[in-house]
Amino acid sequence: MAEVQEIVDRTPADAAARRRTFAIISHPDAGKTTLTEHLLLMGGAIHMAGEVKAKRDRRRARSDWMKIEQERGISVTTAVMTFEYGGVVFNLLDTPGHEDFSEDTYRTLTAADSAIMVIDAAKGIEAQTRKLFEVCRLRDIPIITFVNKMDREARDPFSLMDEIADTLQLHVTPAMWPVGSGLNFRGVMDFATDMFLPFGRDGAAPIGHNRLAEVLSAEEQAHLAEESALARGGYPQFDLQTYREGHLTPVYFGAALKNFAVKELIEGLSRNAPTPRPQPAEQRTVSPSEDKVTGFVFKVQANMDPNHRDRVAFMRVCSGHFERGMKLKQAGSGKTISVHNPILFFAQSRATVDEAWPGDIIGIPNHGVLRVGDTLTEGEDLVFTGIPNFAPEILRRVRLADPMKAKHLQRALEALAEEGVTQVFRPKIGAQWYVGVVGQLQLDVLRSRIAAEYDLDVGFETALFETARWVSSDDPAELKKFVDANQGQLAEDRDGAPVFMAKSAWELRYVAERNPKIKFTATKERRHHAA
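What you see is a predicted model, and the numbers here were worked out from it, not measured in a lab.

### Quick word on the overall build of the protein
Line of reasoning, step 1. In terms of helices and strands, the protein carries 14 helices and 32 strands.
Line of reasoning, step 2. When burial is assessed residue by residue, the protein has 57% of its 531 residues classed as buried.
Line of reasoning, step 3. Approximately 22,400 Å² of the protein is accessible, and the part contributed by carbon and sulfur atoms is 50%.

Now the structure itself:
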């Protein structure tokens, strides 16, 4: 890989041109992990099917490394995997499929330039797919759709296409068309090459129209001719600009478990997905072709290696040519950080890298200096925007079994809050901490990680409060008056920003109506404020 880079990647613009940084979104069980595995297999990042997900413990899902993930078979953290295929460098961001982790997914999508949406051929659009799609829409992220599990009983392809169009309000265009499904799945006609890909024959070459009789009955041929003509005529043609603007999705049909149509999918991604996009900052828009390095932290993961309490900040490189040992300035605090051991990720294995380019995701080991939302530059005062905190939907009071370990608990909670696993609030009155999460499963993960990584026994009690909002005002005197009058319901987040905790949604509305000069907000930009 390094040799190829020496030939090709001489400037940030050259390097960006051959980078595709994408995420995979899906409902749990639609086949995302299996698809991830086969993409990595094709790129040589793993060497045997089953390294990403297998029955044996050592060969558990390579991207699902946390203990609770292994026990429950779900992805709860976002892994980053880099691989090369056909001269293109792919940075794959694997997102949690479980809805309780949609906040982590949202932040991950800030680092992706495009996405693959995986849909179960029998179930169509499911709740979590829809939720994640809305996140992509907020950012105009272009999407390629992969209808998976065609080798099982599936719905009619026209009804699936129409459901995608109607449910997501998105134009659809077939990139290929299937013949049959389940036991009668024969393969797909690839519209890009006008060749038929037969299913179930390992290594079978694509077949031209003149040889279709070798794999399809006369009835199947007639059916394919009729349906593919309808599909081509009834849906819009693929248009690169409309796709890249996020308005049109090309639809592929395949079977990830059997590695069928995965090659065509990755080639379509290589051909059409956007290269690293310009990134909005408060001061200006940053182009990937600029010479100076800029980047932002979209995720922090503590204790990836339980033997070394390490904390790795995942940074998306937005511009410039990053080199190992470089000094980068942390916007906001003004601190300078020397990056001596930047990491590139191949599922769970990691390699120290000497360089990275726009679109690449590197891991920066640090001891709590870097946080989600931080901007790093070669000196410019710049703050990238668009990485939010979400107001929690569940608030719980933290109960510590051993009160003597209160300081230890504070460190654990603050470290996990840095990752965005949870939000931590400290009430103005009283000593007990509150944690805020989007979903119940996050509490289970939190408890299990505090026990495994910090050796603390904690419980979560139903709190008096149900929901929380950040409060602010254009008039500092009004904010002070509100804070003073509501001490019993106020807390601070880890940045010291005031948070109003309400007993119910009704109370929140009531208090907001009574205090028109106070803003109650459900999201807050994440960034490092100067100390």
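Next comes the rest of the write-up.
### Topic: the packing of aromatic side chains
Line of reasoning, step 1. Tallied over the entire structure, the rule returns 16 aromatic pairs.
Line of reasoning, step 2. Arranged with centres 6.4 Å apart and planes meeting at 20°, the rings of F158 and Y235 form a pair that is stacked. Pair noted here: F158 is in helix α7 (residues 157–168) and Y235 is in the loop between α8 (218–234) and α9 (240–244), with a separation of 77 residues, a long-range link.
Line of reasoning, step 3. Within the aromatic cluster, the residues linked to one another by ring pairs are F158, W177, Y235 and F253.
Line of reasoning, step 4. Residue placement shows R232 over the ring face of F191; its charged tip is 4.1 Å from the ring centre.

### Overview of the pattern of salt bridges
Line of reasoning, step 1. Within this structure, the stated rule accounts for 24 salt bridges.
Line of reasoning, step 2. With its nearest N and O atoms 2.9 Å apart, the salt bridge here joins R284 to E290.
Line of reasoning, step 3. On the accessibility criterion, E290 (22% relative accessible area) is partly exposed.
Line of reasoning, step 4. Ionic pairing is found between R284 and E380, a salt bridge with its closest N-O pair at 2.9 Å. Residue R284 is located in the loop between β11 (279–280) and β12 (285–286), and its partner E380 is located in the loop between β22 (375–377) and β23 (388–390); the two are separated by 96 residues in the primary sequence.
Line of reasoning, step 5. Since its relative accessible area comes to 29%, R284 is described here as partly exposed.
Line of reasoning, step 6. A single salt-bridge network, built from bridges that share partners, covers R284, E290 and E380.

### So, the sheet that holds strand β24 (residues 394–400)
Line of reasoning, step 1. With antiparallel pairing, 8 strands are arranged side by side in an open sheet as β27-β24-β26-β25-β29-β30-β28-β31. Among the strands making up the open sheet, the edge pair consists of β27 (458–462) and β31 (519–521). Within this sheet the neighbouring strands show an average axis-to-axis angle of 40°, counted without direction.
Line of reasoning, step 2. Bridge analysis of β24 against β27 gives 5 bridges, and the strand direction is antiparallel. Note that in β27 the partner of V398 across the bridge is F460.
Line of reasoning, step 3. Where helix α11 (residues 406–419) meets the sheet, its contacts fall on β24, β25 (423–427), β26 (434–437) and β27, and the angle it forms with β24 comes to roughly 150°.

### Details of unusual backbone geometry
Line of reasoning, step 1. If you check the backbone angles, Q169 has positive phi at about 50° while not being a glycine.
Line of reasoning, step 2. The topology assignment puts Q169 in the loop between α7 and β6 (171–174).

### With respect to the nonpolar core
Line of reasoning, step 1. F22, L35, I116, F146 and F253 are the most contacted members of the largest nonpolar core, which totals 88 residues.
Line of reasoning, step 2. The element that contributes the greatest number of residues to this core is α7, accounting for 6 residues.
Line of reasoning, step 3. Filtering out sequence-adjacent residues up to four positions away, I116 remains in contact with F22, A23, I24, I25, L35, I144, F146, L265 and L269.

### A short note on the pairing of strand β28 (residues 467–472)
Line of reasoning, step 1. Where β28 lies against strand β30 (residues 498–502), 4 bridges are found, and the strand directions are antiparallel. What sits directly across from T467, in β30, is A502.
Line of reasoning, step 2. As judged from the 3 bridges shared by β28 and β31, these two strands associate in the antiparallel manner. Paired with W470 across the two strands is T521, which belongs to β31.

### Considerations on the sheet that holds strand β7 (residues 176–179)
Line of reasoning, step 1. Taken together, 3 strands build an open sheet; the order of strands is β7-β8-β9 and the sheet is antiparallel. Across the chains shown, the open sheet's two edge strands, defined by having one partner strand only, are β7 and β9 (195–198). Between one strand axis and the next, the sheet turns through 25° on average, direction left out of account.
Line of reasoning, step 2. The pairing of β7 with strand β8 (residues 187–190) spans 4 bridges and is classified as antiparallel. For M176, the partnering residue across the bridge sits in β8 and is D190.

### Quick notes on the environment of E461
Line of reasoning, step 1. For E461, the position within the fold is in strand β27.
Line of reasoning, step 2. For the pair formed by E461 and Y434, sequence separation is 27 residues and the distance between their alpha carbons is 9.4 Å.
Line of reasoning, step 3. Residues within four places of E461 in sequence aside, it is in contact with R396, R397, R399 and Q432.

### Let's talk about the confidence of the model for the protein
Line of reasoning, step 1. Of all residues in the protein, 84% have pLDDT values of 70 or greater, and the mean over the chain is 82.
Line of reasoning, step 2. A low-confidence stretch, residues 1–7 (pLDDT under 50), is modelled with 9 contacts involving residues beyond four sequence positions or located in other chains.
Line of reasoning, step 3. For residues 47–66, every residue scores under 50 in pLDDT, and the model assigns this stretch 59 contacts once sequence neighbours within four places are set aside.

Parameters and conventions
Residues numbered from 1 in each chain as written. Predicted model: local features only at pLDDT ≥ 70, side-chain atom pairs only at ≥ 80, totals over all residues. Heavy atoms only, no water. Helix = DSSP H or I, 4+ residues; strand = E, 2+ residues; numbered from the N terminus. Buried < 20%, exposed > 50% of the residue type's maximum accessible area, 1.4 Å probe, protein only. Areas by Shrake-Rupley, 256 points an atom, 1.4 Å probe, with all protein chains shown as cover. Phe/Tyr/Trp six-rings, centres within 6.5 Å; stacked < 30°, edge-to-face > 60°. Lys NZ or Arg CZ within 6 Å of the ring centre and 35° of its normal. Salt bridge = Lys/Arg side-chain N within 4 Å of Asp/Glu carboxyl O. Pairing = 2+ DSSP bridges. Axes fitted to C-alpha atoms, helices over the stretch in contact; angles between N-to-C directions. Contact = heavy atoms within 4.5 Å. Core = buried A, V, L, I, M, F, W, Y, C linked by side-chain atoms within 4.5 Å. pLDDT = per-residue confidence, 0-100.

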